[in-house]
Amino acid sequence: MQLLTKAPRGTQDILPKDSYKWQFIENIMLNQAELFGFSEIRTPVFEHTELFSRSVGEDTDVVQKEMYTFNDKGGRSITLRPEGTAGAVRAMLEHGLYNESLPVKMSYITLCYRYEKPQSGRWREFTQFGVEMFGASSAAADAEVICLAKTLFDRLGLSNISLEINSIGCPKCRAKYYEALKKYFEGYKSELCETCLSRLDRNPMRILDCKSLICSKIAENAPAVLDFICADCKEHFEKLKEYLDAVSIEYTVNPKIVRGLDYYTRTVFEFVSKDKNTLGLVCGGGGRYDGLVEELGGKPTPALGFGLGIGRILLAMESQGIEIPKTNVCDVYIASIGDAASLFAFNLTRLLRESSFIAEYDTIGRGLKAQMKYADKIGAKFTLVLGDDEIASKKAKIKNMKTGDLLEINLDKNFLTEFFKIHAEAENEKIFKNFSQK
Ligand code: HAM
């Protein structure tokens, strides 16, 4: 029976009382992305497994340990998406978006699935906001994408989030780095975990983000990729720094960042919380992946993007005491006594909603006292009580629930105009009060 009333481990319910917080963050993200010229793409929550193993990489933790993979009834191997980039690239190729004017710029909010050990800020089902840009190889494009991510944190009021950047080079310069890494890790062969042992020959860079305690300790002193990048990659990285400096975006170069996915080339970056309650939480990350489009069958196309965990961002906002404005508060609750008043209330709420006010009336058949208690509980800004007298006289009293003020309102064709005025004056009062307290 417990299975029926308990959600699977690592998932979370976002209850009606909290959903406004997610909507607030998601709206800011999509709107800001739009200001940078990104438009939303929606791709399926599941794709062919091969798409992820080819793009994210066979040797990554995500593919080796964390994917939700199953055979569908037709015997095809299907995977719930562990991240947003692969699906975006697949859709770009399938619909020939590269034939449109470049760069192609897309944003998304998607549910992702990774079979990880759940802990604070880490879920098995989580929401990612991301952007992808195709067709731009310049460092200016890297700066543009980083600038967008930084703007999102700023717009949400988040501080103490540091930007860390690195360059992991191109396939050309990486060969030398792989050699150095192999040499280093071979000295610790007897201590590495089994997965890392299998990575040693094929993809030694993946050992750097192994979550096992011993491997990560060994990895601490491994050679840094930044010391091995070629002149072109170096120039690209220097140019990026120039762009970031030009708009005073602060960053630190962290030569340890390699990212957990195989598709990255050149620039990689992460936004890490420095706040004491969420110290070290990686709120977002991304970078360039100039080889991925070709890997998936397209023409060579430079590309880049980032992904942010919305749940992690909410955690960071809560730990910094950032209040998210509640936009779904009931503007007016219409209480009624008797059948005729209930019908009248039903009609008035319709009228109010047509003018975009949040309006409610009693649908349970409660007495007046219970209705008022409910109005109080939901935080209604105004209440209006309707009975036979009010309907006969076409006048009622409207109560400002915050101040207790009672005003008369006409229940005729002037109702909406009068309500607009009463509502606007109360809002104005509130805004002015907040303003003068600052
Ligand atoms: P990622 O670093 O694997 O990159 O994930 C991006 C963000 O998703 C992380 O920084 C983190 O905030 C959030 N995240 C990851 N795993 C979890 C989890 N288990 N629970 C909660 N949040 C999580 C990517 O996925 C790339 N596709 C980003 C990208 C886009 N690179 C280029 N374009």
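Owing to the predicted nature of the structure, the values given are computational and were not obtained by experimental measurement. (Residues numbered from 1 in each chain as written. Predicted model: local features only at pLDDT ≥ 70, side-chain atom pairs only at ≥ 80, totals over all residues. Heavy atoms only, no water.)

Participant: Could you give me a rundown of the overall build of the chain, with the residues and numbers involved?
Facilitator: For the chain, the helix and strand inventory stands at 16 helices and 16 strands. Counting all 438 residues of the chain, 48% fall into the buried class. Sequence-distant contacts in the chain: of pairs separated by 6 or more residues, those separated by 24 or more amount to 70%. Looking at the chain as shown, the accessible area adds up to about 23000 Å², and 52% of this sits on carbon and sulfur atoms. (Helix = DSSP H or I, 4+ residues; strand = E, 2+ residues; numbered from the N terminus. Buried < 20%, exposed > 50% of the residue type's maximum accessible area, 1.4 Å probe, protein only. Contact = heavy atoms within 4.5 Å. Areas by Shrake-Rupley, 256 points an atom, 1.4 Å probe, with all protein chains shown as cover.)

Participant: With reference to specific residues and values, describe the sheet that holds strand β6 (residues 125-134).
Facilitator: Reading across from one edge, β1-β5-β6-β11-β10-β9-β7-β8 is the order of the 8 strands in this open sheet, with mixed pairing throughout. Strands with a single pairing partner mark the edges of an open sheet, and in this sheet they are β1 (39-40) and β8 (252-253). Looking at chain direction, strand β5 (residues 104-113) and β6 are connected through 10 bridges and run antiparallel. Along β6, the bridge assignment pairs Ser107 with Val131. (Pairing = 2+ DSSP bridges.)

Participant: Before we move on, could you go through a positive patch on the surface and cite the residues and values that matter?
Facilitator: Side chains of Arg366, Lys369, Lys373 and Lys377 sit close together on the surface and give a patch of like positive charge. Looking at where Lys377 falls in the secondary structure, it is placed in helix α14 (residues 368-377). Owing to a relative accessible area of 74%, Lys377 belongs among the exposed residues under this scheme. (Patch = residues over 30% accessible without salt bridge, like charges linked within 9 Å, V, L, I, M, F, W, Y side chains within 5 Å. Salt bridge = Lys/Arg side-chain N within 4 Å of Asp/Glu carboxyl O. Lys, Arg positive; Asp, Glu negative; His and termini not counted. Charge placed at Lys NZ, Arg CZ, Asp CG, Glu CD.)

Participant: Summarise the packing of aromatic side chains; cite the residues concerned and give the values.
Facilitator: Within the structure shown, the criterion is met by 18 aromatic pairs. Consider the rings of Tyr177 and Phe228, whose centres lie 5.3 Å apart with planes at 50 degrees: the pair is tilted. Of this pair, Tyr177 sits in helix α7 (residues 171-186) while Phe228 sits in the loop between α9 (213-219) and α10 (231-246); the two residues are 51 residues apart in sequence, bridging distant segments of the chain. When the ring of Phe357 is compared with that of Phe419, the centres are 4.8 Å apart and the planes differ by 80 degrees; the resulting orientation is edge-to-face. Here Phe357, found in the loop between α13 (339-354) and β13 (359-361), pairs with Phe419, found in helix α16 (residues 415-437); they are 62 residues apart in sequence, far enough to count as distant. Site record: aromatic cluster; members linked through ring pairs are Phe129, Phe153, Phe269, Phe271 and Phe306. Taking NZ or CZ as reference, Lys105 lies 5.3 Å from the ring centre of Phe38, over its face. (Phe/Tyr/Trp six-rings, centres within 6.5 Å; stacked < 30°, edge-to-face > 60°. Lys NZ or Arg CZ within 6 Å of the ring centre and 35° of its normal.)

Participant: Residue-level account of the pattern of salt bridges, with values.
Facilitator: When charged atoms on two side chains of opposite charge get close, those side chains can pair. Throughout the structure, instances matching the rule amount to 31 salt bridges. A salt bridge links Asp72 to Arg76, with the shortest nitrogen-to-oxygen separation between them at 3.0 Å. Across the pair Glu270 and Arg259 runs a salt bridge whose closest N-O atoms are separated by 2.9 Å. Pair noted here: Glu270 is in strand β9 (residues 265-273) and Arg259 is in the loop between β8 and β9, with a separation of 11 residues, a long-range link. As far as the burial class goes, Glu270 and Arg259 line up, both buried. One network of salt bridges, in which partners are shared, links Asp61, Lys65, Glu66, Glu116, Arg122, Arg199 and Lys211.

Participant: An account of the side chain of Asn203 is requested, with residue identities and associated values reported.
Facilitator: Structurally, the position occupied by Asn203 is in the loop between α8 (194-202) and α9. Owing to a relative accessible area of 6%, Asn203 belongs among the buried residues under this scheme. Beyond its immediate stretch of four places on either side in the chain, Asn203 contacts Asp59, Tyr178 and Asp262.

Participant: Lay out the domain arrangement of the chain in plain terms, naming residues and giving numbers.
Facilitator: Interfaces are often described in size by the accessible area the parts lose on coming together. By the assigned domains, the chain splits into domain 1 (19-170 + 229-319) and domain 2 (332-425). Each of domain 1 and domain 2 has a C-alpha centre, and these two points are 48 Å apart. (Domains from an automatic or database assignment.)

Participant: Could you give an account of the pairing of β5, naming the residues involved and the relevant values?
Facilitator: Of all 10 residues in β5, 7 are buried; the element is thus mostly enclosed. With 2 bridges joining them, β1 and β5 adopt parallel strand pairing. Counterpart to Ser39 in the pairing with β5 is Met106.

Participant: Give me the lowdown on the packing of helix α6 (residues 139-155) against α10, citing residues and values where you can.
Facilitator: Across the interface, α6 lies against α10 with an axial gap of 8 Å and an inter-helix angle of 45 degrees. Judged by the inter-axis angle, α6 sits oblique to α10. Where α6 crosses over α10, the handedness of that crossing is right-handed. Every residue of α10 that contacts α6 at Ala139, Ala140, Asp142, Ala143 and Ile146 is listed here: His236, Lys239, Leu240, Tyr243 and Leu244. (Axes fitted to C-alpha atoms, helices over the stretch in contact; angles between N-to-C directions. Parallel < 35°, antiparallel > 145°, perpendicular 65-115°, else oblique. Left-handed = near helix turned anticlockwise from the far one by under 90°.)

Participant: Tell me about the nonpolar core, residues and numbers included.
Facilitator: Most often, soluble globular proteins have nonpolar side chains that are buried together. Grouped together as the largest cluster of nonpolar side chains are 94 residues, with contacts concentrated most on Ile25, Met29, Phe129, Phe134, Phe185, Phe306 and Ile313. Top contributing element to this core by residue count: α6, with 9 residues. Excluding residues that lie within four positions of it along the chain, Phe134 makes contacts with Val89, Met92, Leu102, Pro103, Val104, Met106, Tyr289, Val293, Thr301, Pro302 and Ala303. Counting residues in each nonpolar core, the second largest holds 21 residues, with Leu352, Leu411, Phe415 and Phe419 among its members. (Core = buried A, V, L, I, M, F, W, Y, C linked by side-chain atoms within 4.5 Å.)

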